[in-house]
Amino acid sequence: MIKEYVEEELERYISVLEIVNDYGVGKLKYIENKFILKTITEDLLKNVLNIYDTNGEYFKISMNGKPSIESVIEDKNDMPPGSNLLNKNYKLISMNGQDIGIIDYIMNYPDEDAVYIGLFMINGDFHRQGYGRAFIEGFIANMREKGYRRIRLGVLKQNKNGFEFWARMGFKVVKEMISTIHPERNWEIMVMEKAIKIRK
C-alpha cells in the first residue's frame, strides 16, 4: 500500500512524501518543477554545506571565513531570544530531485501573527534564474493561507545583494539593531518586514 501526504503545501509548489509500507522503504517523490521542503537530518548536513559553499561572499560578510559542518549545525540549532524550538523549521529546498536552497524560519515569532525568516539561501549555481523569487512568493502565499499577517527577517547591513533581493520582494526596513543571536559577533542588522494582504 502506498500512502501519500502533503509535507508542506506551498500553494502551487507541492511536496509529497511517498512511503512504501510493504517493504518498509521510504523514498522522496518529486513533482516536476515543484519545490519540496526536506527536514535536515544528520545525513543531509553535507548537502547544506554544499549550498553554503556556493555562497562564499555571504560567509565572508557574516563570519569572515568559510562555512563548515559546525556552522551548519550552529544554524540548525540557533534560536532568537523568546522563540520556541517547536516553531523552528530548518529545511532543504529541492526541485526535480536536486537540493537548490535552504530556508530557516520560525512560526509565531516575534508575535503570533508573524513568521520570521532567519536564513534563506539559494545554491549559487541557480542565482539570477528566478528560483528565489518563485519560492518566496509561494512561501508568502502559504503563510497567508495559514493565517499569518506579516513576514519579518534580518539582513546584515553589509549584505547589499541580500538587501536588494528582499527590497524587490516588497520588504521594508522597520529598524536597525545589533543581532540578538551571537551578540558577541556585533552583527549590524536591518530588520525588514512585509505585510501579508488578506485575500477578499
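Below or above, wherever it landed, is the structure these notes cover. (Residues numbered from 1 in each chain as written. Predicted model: local features only at pLDDT ≥ 70, side-chain atom pairs only at ≥ 80, totals over all residues. Heavy atoms only, no water.)

### Some words on the packing of aromatic side chains
At step 1: The final tally for this structure, using the stated rule, is 12 aromatic pairs.
At step 2: With 4.9 Å between their ring centres and 75 degrees between their planes, Phe165 and Trp166 make a pair best called edge-to-face.
At step 3: Residue classification places Phe165 among the buried positions, given a relative accessible area of 16%.
At step 4: We classify Trp166 as buried; its relative accessible area is 7%.
At step 5: Pairwise contacts between aromatic rings join Phe35, Tyr105, Phe120, Phe135, Phe139, Phe165, Trp166 and Phe171 into one cluster. (Phe/Tyr/Trp six-rings, centres within 6.5 Å; stacked < 30°, edge-to-face > 60°. Buried < 20%, exposed > 50% of the residue type's maximum accessible area, 1.4 Å probe, protein only.)

### Here's the deal with the nonpolar core
At step 1: One finds Ile117, Phe120 and Trp166 to be the most contacted residues of the largest nonpolar core, which totals 30 residues.
At step 2: Taken together, the elements giving at least two residues each to this core come down to strand E4 (35-39), strand E5 (88-95), strand E6 (98-107), strand E7 (114-122), helix H4 (131-145), strand E8 (150-156), helix H5 (160-168) and strand E10 (188-195).
At step 3: The dominant element in this core, judged by the number of residues it contributes, is H4, at 6 residues.
At step 4: Apart from residues no more than four positions distant in its own chain, Trp166 is found in contact with Ile117, Phe120, Ile136, Leu153, Val155, Phe171 and Met192.
At step 5: Formed by 14 residues, the second largest nonpolar core is a distinct cluster that contains Leu49, Leu92, Ile102 and Met121. (Core = buried A, V, L, I, M, F, W, Y, C linked by side-chain atoms within 4.5 Å. Helix = DSSP H or I, 4+ residues; strand = E, 2+ residues; numbered from the N terminus. Contact = heavy atoms within 4.5 Å.)

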